[in-house]
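Here's the letter readout for the chains.
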Amino acid sequence: MKNIGITNYLKISLQHALYLLHHGLLEDANRILTQAETWRYGEKSSSQEVLVNLIQAYKGLLQYYSWYKKKMELSKLDKDDYAYNTASQNMLNHSWKTSINLCTLIQIPGVWDPFVKSYIEMLEFYGDQDGAREVLNNYAYDEKFPSNPNAHVYLYNFLKREKAPREKLISVLKILYQIVPSHKLMLEFHRLLRKSDKEEHHKLGLEVLFGILDFAGCTKNITAWKYLAKYLKQTLMGSHLAWVQEEWNSRKSWWPSFHFSYFWAKSNWKDDKTLACEKALVAGLLLGKGCKYFRYISKQDHQVLKKKMKQMKKSVKKYSIVNSGL
């Protein structure tokens, strides 16, 4: 019964502190967390151990907030000023306390995004690139941790800051692609694949674009459509019809109504003519000039887009996979 009482006390303390944090009462939250952290009564169970680690980690976040404020103050000071040295030493003291609290929690399997981000920022600030890389690699790849897209995003952004080789960046985003194919970083992934020297990466670059546009939330993503229109044409010009066929075979039963209906042609032309033209080129390349979407857009009279429409019609006539007998 005593153990149940301890668990309830820790839970209530944590909930109370989170409530205070939510309302901006940082000092009161810190006091509650400190009391709960230092309260001792007998042996702790494993569930109580996790609660204590959480309490310490939230204390760490509060300490990180103080450290961050000092970091901002430090950035405004002259490095030769005496106040700079004092502020720098204060920051170091805060970071030492914070890192102890955060480091313990993020070694326990779980999703600890805000704690990991804070810890990494501090490690990088003090030049511990190896330490930051190790933490992020463990968070992303340790099988004991649950699958977490953000873990791969944090690792990718860190490697970008380090100016890691393209191959390394591609390997990280490839895993993110397998977890969330519609992630906003997938357009960046496509660009990296496009710049690669490997043909397998060029093929994957096409797959990634189709994958993004499979999702309802991405249907009006003009960048994705621009990339697909351009890359689809390049792929067909480069004699890789089989790549296109592989992607289109699994979509030709549902993409025409999902993307290329008469309704979408009218709606897209009304709302965003540039988007409509990019989509029309894709529609024409995949479904031929008889496609409803392509027909509607190609018949529109628009002086500014006249040249673009002419090029679109020529491309469809020359490269459409319908003309290729696929």
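Before reading further, recall that the structure is shown in the block above.
Cut-offs and rules
Residues numbered from 1 in each chain as written. Predicted model: local features only at pLDDT ≥ 70, side-chain atom pairs only at ≥ 80, totals over all residues. Heavy atoms only, no water. Helix = DSSP H or I, 4+ residues; strand = E, 2+ residues; numbered from the N terminus. Buried < 20%, exposed > 50% of the residue type's maximum accessible area, 1.4 Å probe, protein only. Contact = heavy atoms within 4.5 Å. Areas by Shrake-Rupley, 256 points an atom, 1.4 Å probe, with all protein chains shown as cover. Expected span 1.5 Å × (residues − 1). Arc of directions from axis to C-beta. Core = buried A, V, L, I, M, F, W, Y, C linked by side-chain atoms within 4.5 Å. Phe/Tyr/Trp six-rings, centres within 6.5 Å; stacked < 30°, edge-to-face > 60°. Lys NZ or Arg CZ within 6 Å of the ring centre and 35° of its normal. Polar contact = N/O pair within 3.5 Å; in protein donor to acceptor, adjacent residues only side chain to side chain.

With respect to the overall build of the protein chain
Moving on, step 1. Scanning the protein chain for helices and strands turns up 17 helices and 0 strands.
Moving on, step 2. The buried share among the 326 residues of the protein chain stands at 44%.
Moving on, step 3. Expressed as a percentage of contacts within the protein chain between residues at least 6 apart in sequence, the contacts between residues at least 24 apart total 63%.
Moving on, step 4. Of the roughly 18000 Å² of accessible surface on the protein chain, 53% is carried by carbon and sulfur atoms.

A word on helix α17 (residues 306-319)
For an α-helix, 3.6 residues make a turn, and residues three or four places apart therefore share a direction.
Moving on, step 1. For α17, which comprises 14 residues, the first-to-last C-alpha distance of 20 Å matches the rise-based estimate of 20 Å (1.5 Å per residue) to within 8%.
Moving on, step 2. Of the residues making up α17, those classed as buried are Met-309, Met-312, Ser-315, Val-316 and Tyr-319. The buried residues of α17 occupy one face: seen down the axis, they fall within an arc of 125 degrees. Within α17, the exposed residues directed more than 90 degrees away from the buried face are Lys-306, Lys-307, Lys-310, Lys-314, Lys-317 and Lys-318.
Moving on, step 3. Next to the buried residues of α17 lie α11 (222-237), α14 (262-271), α15 (273-287) and α16 (292-298).

Describing the nonpolar core
Moving on, step 1. Among the nonpolar cores identified, the biggest contains 94 residues, and Leu-228, Leu-232, Phe-260 and Ile-297 are the most heavily contacted of them.
Moving on, step 2. With residues near it in sequence (within four places) discarded, Leu-228 still touches Leu-206, Leu-209, Phe-210, Leu-213, Trp-255 and Val-282.

Looking at the packing of aromatic side chains
Moving on, step 1. The final tally for this structure, using the stated rule, is 19 aromatic pairs.
Moving on, step 2. Judged by centre distance (6.5 Å) and plane angle (85 degrees), the ring pair of Trp-254 and Trp-255 falls under edge-to-face.
Moving on, step 3. Through a chain of ring-to-ring contacts, three or more aromatic side chains come together here, namely Phe-210, Trp-225, Trp-248, Trp-254, Trp-255, Phe-258, Phe-260 and Tyr-293.
Moving on, step 4. Against the face of Tyr-227 rests Arg-194, its NZ or CZ located 5.2 Å from the ring centre.

What about the side chain of His-201?
Moving on, step 1. Within the element layout of this structure, His-201 appears in helix α10 (residues 199-212).
Moving on, step 2. What makes His-201 buried here is its relative accessible area of 7%.
Moving on, step 3. In this structure the side chain of His-201 is engaged in a polar contact, spanning 2.7 Å, whose partner is the side chain of Ser-196.
Moving on, step 4. Not counting residues within four places of it along the chain, the set of residues in contact with His-201 comprises Glu-167, Ile-170, Leu-193 and Ser-196.

Quick word on unusual backbone geometry
Moving on, step 1. Residues other than glycine seldom take positive phi values, yet Lys-163 does so here, at roughly 55 degrees.
Moving on, step 2. Positionally, Lys-163 belongs in the loop between α7 (149-161) and α8 (166-179).
Moving on, step 3. Backbone geometry at Ser-239 places phi at a positive 60 degrees, although glycine is not the residue there.
Moving on, step 4. Take Ser-239: it is sitting in the loop between α11 and α12 (241-249).
Moving on, step 5. Judged by relative accessible area, which is 63%, Ser-239 ranks as exposed.

Some points on the environment of Trp-254
Moving on, step 1. The residue Trp-254 is located in the loop between α12 and α13 (255-259) in this model.
Moving on, step 2. Sequence separation between Trp-254 and Asp-214 is 40 residues; the distance between their C-alpha atoms is 9.8 Å.
Moving on, step 3. One polar contact links the side chain of Trp-254 to the main-chain carbonyl oxygen of Ser-250, over a distance of 3.2 Å.

On their own, these measurements won't tell you what the molecule is for.
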